[in-house]
Amino acid sequence: MQIINTVCGIREAINAWRVAGETVAFVPTMGNLHAGHLQLVNRAKKSADRVVVSIFVNPTQFGLGEDFEAYPRTELEDQEKLEIEGADLLFLPSVSDIYAPDVKTIITVTGISDSYCGSFRPGHFSGVATVVCKLLNIVQPNVALFGLKDFQQFAVINLMVRDLNIPVEILGVDTVRESTGLALSSRNAYLTQDERMKASALYVSLCAARDAILAGSQNYEDIEQKAIQSIQKAGFQADYFFVCRSSDLKKANLDDVDLVLLVAAKLGKTRLIDNVYFSK
Ligand code: PAF
C-alpha cells in the first residue's frame, strides 16, 4: 500500500492508474478504523480496480468544545489494518495540505444541514460537505463510499454531489454492529465498560419503534416519546428521536413508505447517533 501525504503526490499516483484504464473507489475516513470502515474498504474493492482511503481528522466539522483534540488517532494500527484489507493507497494529509490559512470557501447544503444533528452541532455539516467536496476533487474517484450509520451525513453528501454536479457515484454501506446491537463508531472508545453495556439501549429503542410501526402503529409522536423515555431510562440524555422519511429526512407522514428512525443521545460525555431504515 502506498502512503501519500500531498495533494500533488496523490494526483500523480491516481493519474498513473487512470492512464492504465483503471477505475478508483474512495473511502474517506477520520481514522481509528474499525470493522465498519473495513467493510467500506471491502465494498470499495468490489466496486473498482483501485481503492484509495483517506485518514484526515477534519477540524472544520468539530464545533467549539467538541472532541477535535481528543479524537482517537491510531495511525500505525490503521495502516496495518488497511494493508491487510488490501487498500492500494492511503492519503494522509495534514491540515495545511487541505486548508489554505486564509480559506475563503465553505460549502453549505442548506435546509437539511440545520436539522437533527445539525441543530445540536451548528456548522458541523458545512465542515463535512466542504472537506468531502475537497477530497472528491483531489481524488476524483469513480465511486465514493460512506457508512449509513451517519445517515444525515450521507443525505447531505448526496445532495451536495447532485447540486455541484460532481462526477462520482456515492454508495452507502450498512452499519456494522457489536453483538449487543451497538453500532460501531470511533467514539465508542470514549465509553466506560459500564456505559458500553448500557449503550445497546439505543438500538433496542430503534428496533422497538420500527416494530411498532411495522405492526401498524400510526401515532409517530407517541412512538418518538416512548423511544425517548426508554433511552433516558437506560441512562442516556436524549438529543432527539424522530420518525423520518428516508428520501429527504423530513418528518414522516402516514403515507410515506420508506422510513428512517434517527436518534442521537449522550451517555456520560459521549454523544452517540444511530438509525434504522426500513419500508412499511
Ligand atoms: O464520516 C466521517 O468519518 C467523516 O465525517 C468524513 C466523511 C470522513 C468527513 O471528514
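Heads up: these notes are all about the structure in this document. What you are looking at is a predicted structure, and each value in this text was computed from that prediction instead of being measured.

**Digging into the site of the ligand**
The full set of residues close to the ligand is Pro 28, Thr 29, Met 30, Asn 58, Gln 61, Val 131, Val 132, Phe 146, Asp 150 and Gln 153. At 2.6 Å, a side-chain N or O of Gln 61 approaches an oxygen atom of the ligand. Within the side chain of Gln 153, a nitrogen or oxygen atom sits 2.7 Å from an oxygen atom of the ligand. Relative to its unbound accessible surface of 290 Å², the ligand loses 89% to contact with the protein. Counting only elements with at least two residues in the shell around the ligand, the list comes to β2 (24–29) and α6 (124–139). Residues of the shell around the ligand, tallied by class, amount to 5 nonpolar, 4 polar and 1 charged.

**Examining the sheet that holds β2**
Strand order across the open sheet formed by 6 strands is β1-β4-β3-β2-β5-β6, with parallel pairing between neighbours. Looking at which strands have only one partner, the edges of the open sheet turn out to be β1 (2–4) and β6 (169–173). The sheet shows a mean angle of 25 degrees between the axes of neighbouring strands, direction not considered. In terms of strand pairing, strand β5 (residues 143–147) meets β6 through 5 bridges, oriented parallel. Residue pairing for β6: Ala 144 is matched across the bridge by Ile 170. Here helix α2 (residues 35–47) sits on the sheet and contacts β2, β3 (50–55), β5 and β6; the angle it forms with β5, its principal contact strand, is near 155 degrees. Those strands touched by helix α3 (residues 75–85) are β1, β3 and β4 (89–91), and its axis lies near 170 degrees from that of β3.

**A look at the packing of aromatic side chains**
Counted under the stated rule, the structure contains 8 aromatic pairs. Measuring from ring centre to ring centre gives 5.5 Å for Tyr 116 and Phe 242, while their planes differ by 55 degrees; the resulting arrangement is tilted. Note that Tyr 116 is positioned in the loop between α4 (95–98) and α5 (117–120) and Phe 242 in strand β7 (residues 237–245), a separation of 126 residues in sequence. Using a relative accessible area of 8% as the deciding quantity, one classes Tyr 116 as buried. Its relative accessible area of 25% is what places Phe 242 among the partly exposed residues. On the numbers, 6.0 Å between centres and 35 degrees between planes, the contact of Phe 120 with Tyr 240 is tilted. Taken together, the residues Phe 120 in helix α5 and Tyr 240 in strand β7 connect sequence positions 120 residues apart. An aromatic cluster of three or more residues is present, and its members are Tyr 116, Phe 120, Tyr 240 and Phe 242. Above the face of the Phe 68 ring, Arg 73 is positioned so that its terminal group lies 4.9 Å from the ring centre.

**What about α3?**
Given 3.6 residues per helical turn, the α-helix brings residues three or four places apart onto the same face. Along α3, the positions that sit buried rather than exposed are Asp 78, Gln 79, Leu 82 and Glu 85. Summarising the axial view, the buried residues of α3 lie within an arc of 130 degrees, below the 170-degree limit, and thus occupy one face. For α3, the exposed residues lying more than 90 degrees away from the buried face are Leu 76, Glu 80 and Ile 84. If you follow the buried residues of α3, they end up packed against β1, α2, β3 and β4.

**Remarks on the side chain of Asp 78**
Note that Asp 78 resides in helix α3. One buried charged side chain, Asp 78, makes no salt bridge at all; its nearest oppositely charged neighbour is Lys 81, positioned 4.8 Å away. Apart from residues no more than four positions distant in its own chain, Asp 78 is found in contact with Gly 31, Asn 32, Leu 33 and Ile 55.

So, how was this worked out
Residues numbered from 1 in each chain as written. Predicted model: local features only at pLDDT ≥ 70, side-chain atom pairs only at ≥ 80, totals over all residues. Heavy atoms only, no water. Near = heavy atom within 4 Å. Polar contact = N/O pair within 3.5 Å; in protein donor to acceptor, adjacent residues only side chain to side chain. Areas by Shrake-Rupley, 256 points an atom, 1.4 Å probe, with all protein chains shown as cover. Helix = DSSP H or I, 4+ residues; strand = E, 2+ residues; numbered from the N terminus. Nonpolar A, V, L, I, M, F, W, Y, C, P; charged D, E, K, R; others polar. Pairing = 2+ DSSP bridges. Axes fitted to C-alpha atoms, helices over the stretch in contact; angles between N-to-C directions. Contact = heavy atoms within 4.5 Å. Phe/Tyr/Trp six-rings, centres within 6.5 Å; stacked < 30°, edge-to-face > 60°. Buried < 20%, exposed > 50% of the residue type's maximum accessible area, 1.4 Å probe, protein only. Lys NZ or Arg CZ within 6 Å of the ring centre and 35° of its normal. Arc of directions from axis to C-beta. Lys, Arg positive; Asp, Glu negative; His and termini not counted. Salt bridge = Lys/Arg side-chain N within 4 Å of Asp/Glu carboxyl O.

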